[in-house]
Amino acid sequence: MTLSPAVTQLCDNSKDVFLDVCKLLLTYADNILRNPNLEKYRSIRIDGPTFSTKLLPIRGAVECLFEMGFKEADTHLVFPTSASVENLKAVRDSIAAERDQRLPGRPSVPLVATAESQHSSGQPVSSLPAQTKPLQTSSSDLLMTLQSNSQHVLLYENPALQQKARSCVPCRQLSSAAERKLKVAKEVDSECQLGKEDFLVLELLHWFKYDFFSWVDCLPCSHCGGQTQNTGSLSPTTDDLHWGAQRVEKHQCQSCQRSSRFPRYNNPEKLLETRRGRCGEWANCFALCCRALGLETRYIWDSTDHVWTEIYSVSQRRWVHCDSCENTCDKPLLYEVGWGKKLSYIFAFSKDQVVDVTWRYSCKHSEVLSRRTSVQEAWLLHTIIGLNASRQQSVSADRKRKLSERLVVELVEFICPKTPKAGELGGRMSGSLGWRTARGETGDADARNTKQVYIARTEGSSAGQISWKFDFAPSELTIKSVSIKASSQTFNSGKVSWLLQSGLTKAHLVGDGSMQSFQSLKGSPELIVTAQLSGGDGDTAWQHSQLFRQSLKETGLSCFEVLIYLQDVER
């Protein structure tokens, strides 16, 4: 006899697990077959402990219920009056036969359920089976992902680990900066609804990316410092496994051929020490730092191989996207629109619950839905409900109410139309260009063909400055004259100011792309060229003052030239 997809999955469990769940499934089926007119046997609570602990985690168990004919209805699975009892019996007998093969000497006793059996409506039972759509792939991998991430985020709640993280974070400095920027925001806009925590998140993102953590494509050679290449995997040591590094990369030097080990640590405590990695390490450590500062945090897992975080904004009453790798906040469409990702499943994990947040990160819901074929949507919903029921057993009634209210707000947000904004249109910035290109995350190909490149100040900042210093003191030479060409461009109220300084002499440069000469800068052994960027309007103000703007198509253009004529030091 050919087994159905659900029963086949059920048989893949260990013998003890299989026998336990069979007993429960056969009980459900037999109760209906023996008492077809009793309503109480046609309903199973999905938020109850039996379902969440004995059925939901078991591979194929819920799928067998669907194959029997059960349908989802709010907080229950219901065997509708229109369902085929004959189909239920067929699935039941298939399960019983497989059970009997594992219990020699205990033959199955099939129940008699004929076409004379009637529903509670009094109508004859249809003899045609009502088949459910089988899973295209196994749900075990996804279940393992949900369970492991749901458990992992509990590490962030360890008080001692939070204290260790706080010792690494310049808390006072970030808090003071957040207060200053909140004050400025209130002065500019008296109706500003942002709070101090919102600005603290921005400060934390910037500090984490530029001062604390570092990106690793391949480690420099530990022997000669040369470039290395990832050539495969090495066996993890006991210490590696202790810190959650089940995978260790082998980075081989292209010069001396020696190899370096790069353990992919999964324990955030270890990451506070190593302070390096790719997106997995970044999001993991950043989530801990957020919790250490008292921010409600969720770890976000994306099936297309990326992870990040979400922070709950009390002032905005919503969850806000944060990507520490990119120093990006509240740009949820970045991955689908900017990077060109083909999204399917994105889950949020916190100490309280698991949430399917896929729809926050997409403005192409129909395309995403067409790719969600790994598991049945009903299975996924019930799995998440079961995990949350288990996690929230010790949560207060008030906290549960608050979580439910937030979830309702999220669901409304998910179905609202979305339009990409400026910060969501670019490709990925973290990682080498070759690595990003291999992953297909450099952005839309058509956009790249016409993209403009330029230097601008950090996104969200009110001003920026960049300087170049030329020091000739070691050569005992001084400047005789200087000629400089620099190009800058502004939009709206953006401003760029160029300043030259040689000793005590200063001069201003016009950044119009023309070559300008300065005889007055002679006599000093050094020259400093500074560009100050400020002004601009709206959320994209940081882009309204630009240096060296040009198209990627243009080659051979010189946007910045500095010609310095030298002379011997006058004695």
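Calculation rules
Residues numbered from 1 in each chain as written. Predicted model: local features only at pLDDT ≥ 70, side-chain atom pairs only at ≥ 80, totals over all residues. Heavy atoms only, no water. Helix = DSSP H or I, 4+ residues; strand = E, 2+ residues; numbered from the N terminus. Areas by Shrake-Rupley, 256 points an atom, 1.4 Å probe, with all protein chains shown as cover. Pairing = 2+ DSSP bridges. Contact = heavy atoms within 4.5 Å. Axes fitted to C-alpha atoms, helices over the stretch in contact; angles between N-to-C directions. Expected span 1.5 Å × (residues − 1). Buried < 20%, exposed > 50% of the residue type's maximum accessible area, 1.4 Å probe, protein only. Salt bridge = Lys/Arg side-chain N within 4 Å of Asp/Glu carboxyl O. Core = buried A, V, L, I, M, F, W, Y, C linked by side-chain atoms within 4.5 Å. Parallel < 35°, antiparallel > 145°, perpendicular 65-115°, else oblique. Left-handed = near helix turned anticlockwise from the far one by under 90°. Arc of directions from axis to C-beta. Phe/Tyr/Trp six-rings, centres within 6.5 Å; stacked < 30°, edge-to-face > 60°. Lys NZ or Arg CZ within 6 Å of the ring centre and 35° of its normal. pLDDT = per-residue confidence, 0-100.

### Observations regarding the overall build of the protein chain
Right, so step 1: The helix and strand inventory of the protein chain stands at 18 helices and 23 strands.
Right, so step 2: When the accessible area of the protein chain is evaluated, it comes to approximately 28600 Å², of which 51% is carbon and sulfur surface.

### Quick look at the sheet that holds strand 14 (residues 354–356)
Strand pairing in a sheet relies on backbone hydrogen bonds, with the paired strands running either antiparallel or parallel.
Right, so step 1: Pairing within the open sheet is antiparallel, and its six strands lie in the order 12-11-10-9-13-14. Each of the sheet's edge strands pairs with one partner strand only, and the pair in question is strand 12 (328–329) and strand 14.
Right, so step 2: Summarising the sheet, strand 13 (residues 346–349) and strand 14 pair through three bridges and their orientation is antiparallel. Residue Ala 348 lies in a different strand from strand 14, and its bridge partner there is Val 355.
Right, so step 3: Helix 12 (residues 279–292) contacts strand 9 (297–302), strand 10 (306–313) and strand 11 (318–323) of the sheet and is inclined by roughly 20° relative to strand 10.

### Some thoughts on helix 6 (residues 140–152)
Right, so step 1: Taking 1.5 Å as the rise per residue, helix 6 with 13 residues should run 18 Å; its terminal C-alpha atoms sit 18 Å apart, in good agreement.
Right, so step 2: Where helix 6 is concerned, the buried positions are Leu 142, Leu 143, Thr 145, Leu 146, Asn 149, Ser 150 and His 152.
Right, so step 3: Those residues of helix 6 that are buried are in contact with helix 11 (268–274), helix 12, strand 9, strand 13, strand 14 and helix 15 (377–391).

### Overview of the environment of Thr 442
Right, so step 1: Along the chain, the position of Thr 442 falls in the loop between helix 17 (433–439) and helix 18 (445–450).
Right, so step 2: With a relative accessible area of 13%, Thr 442 lands in the buried category.
Right, so step 3: Taking the C-alpha atoms as reference points, Thr 442 and Gly 427, 15 residues apart in sequence, are found 4.2 Å from one another.

### Points about the pattern of salt bridges
Right, so step 1: The tally for this structure, following the rule as stated, stands at 34 salt bridges.
Right, so step 2: In this structure, the salt-bridge partner of Asp 93 is Lys 89, at a minimum N-O distance of 2.8 Å. Separated by four residues within a single helix, Asp 93 and Lys 89 lie in helix 5 (residues 85–102), roughly one turn from each other.
Right, so step 3: When the shortest N-O distance is used, the salt bridge between Asp 302 and Lys 341 registers 4.0 Å. Of this pair, Asp 302 sits in strand 9 while Lys 341 sits in the loop between helix 13 (334–338) and strand 13, placing them 39 residues apart in sequence.
Right, so step 4: For Asp 302, a relative accessible area of 1% puts it in the buried group.
Right, so step 5: On the basis of relative accessibility, which here comes to 7%, the residue Lys 341 falls in the buried class.

### Section: the nonpolar core
Right, so step 1: The biggest cluster of nonpolar side chains holds 93 residues, and the ones touching the most others in it are Leu 65 and Ile 95.
Right, so step 2: If sequence neighbours within four positions are ignored, Leu 65 has contacts with Leu 25, Tyr 28, Ile 44, Phe 51, Leu 55, Phe 70 and Leu 77.
Right, so step 3: Phe 472, Ala 507, Leu 521 and Cys 559 belong to the second-largest nonpolar core, a separate cluster that totals 20 residues.

### Brief notes about the packing of helix 2 (residues 15–34) against helix 5
Right, so step 1: Relative orientation of the contacting elements helix 2 and helix 5 amounts to 150°, with a least axis distance of 10 Å. Relative to helix 5, the element helix 2 lies roughly antiparallel. Crossing angle aside, the handedness with which helix 2 passes helix 5 is left-handed. For the pair helix 2 and helix 5, contact is made by Lys 15, Phe 18, Leu 19, Cys 22, Leu 25, Leu 26, Ala 29, Asp 30, Ile 32 and Leu 33 and by Val 85, Leu 88, Lys 89, Arg 92, Ile 95, Ala 96, Glu 98, Arg 99 and Arg 102, respectively.

### Some details on the environment of Pro 159
Right, so step 1: Within the element layout of this structure, Pro 159 appears in helix 7 (residues 159–168).
Right, so step 2: When its relative accessible area of 61% is taken as the criterion, Pro 159 is described as exposed.
Right, so step 3: For the pair Pro 159 and Ala 292, spaced 133 residues apart in the sequence, the C-alpha separation amounts to 8.3 Å.

### A few points about the sheet that holds strand 16 (residues 463–471)
Right, so step 1: Strand order in the open sheet formed by four strands is 16-21-18-19, and the pairing between neighbours is antiparallel. A single partner strand is all that each edge strand has here, and the edge strands are strand 16 and strand 19 (505–509). Direction aside, the axes of adjacent strands within the sheet are offset by 20° on average.
Right, so step 2: Where strand 16 meets strand 21 (residues 526–534), nine bridges bridge the pair, whose relative direction is antiparallel. Note that in strand 21 the partner of Gln 465 across the bridge is Gln 532.

### Comments concerning helix 8 (residues 171–188)
Right, so step 1: Along its 18 residues, helix 8 runs 26 Å from first to last C-alpha, staying within 8% of the 26 Å computed at 1.5 Å per residue.
Right, so step 2: For helix 8, every residue scored as buried is listed here: Leu 174, Ala 177, Ala 178, Leu 182 and Ala 185. The buried residues of helix 8 occupy one face: seen down the axis, they fall within an arc of 135°. Facing away from the buried side of helix 8 by more than 90 degrees, the exposed set consists of Arg 172, Gln 173, Arg 180, Lys 183 and Glu 187.

### Focus: the packing of aromatic side chains
Right, so step 1: Overall, the coordinates contain 23 aromatic pairs when judged by the stated rule.
Right, so step 2: Their ring planes at 85° and their centres at 4.9 Å tell us that Tyr 335 and Trp 339 sit as a pair that is edge-to-face. Across the pair, Trp 339 and Tyr 335 agree in class, each one buried.
Right, so step 3: An angle of 55° between the planes, with centres 6.1 Å apart, marks the rings of Trp 468 and Phe 548 as tilted. Placement of Trp 468 in strand 16 and of Phe 548 in strand 22 (residues 545–551) is noted, with a sequence separation of 80 residues between them.
Right, so step 4: Three or more aromatic residues link up through ring pairs in this structure, and these residues are Trp 207, Phe 208, Phe 212, Phe 213, Trp 215, Trp 282 and Phe 286.
Right, so step 5: Over the face of the ring belonging to Tyr 210 we find Lys 209, whose NZ or CZ atom lies 5.8 Å from the ring centre.
Right, so step 6: Directly above the aromatic system of Tyr 312 lies the positively charged group of Arg 406, at a separation of 3.6 Å from the ring centroid.

### Section: the confidence of the model for the protein chain
Caution is warranted with low-pLDDT regions, since their predicted coordinates should not be read in detail.
Right, so step 1: For the protein chain, the mean per-residue pLDDT works out to 84, and 88% of the residues sit at or above 70.
Right, so step 2: Looking over the protein chain, one finds the lowest element-wise mean pLDDT in helix 18, namely 43, and the highest in strand 13, namely 97.
Right, so step 3: This stretch, residues 106–138, has a pLDDT under 50; its non-local contacts, to residues over four places away or in other chains, come to 66 contacts.
Right, so step 4: For the stretch residues 445–450, pLDDT sits under 50, and the model shows four contacts to residues farther than four places along the chain or on other chains.

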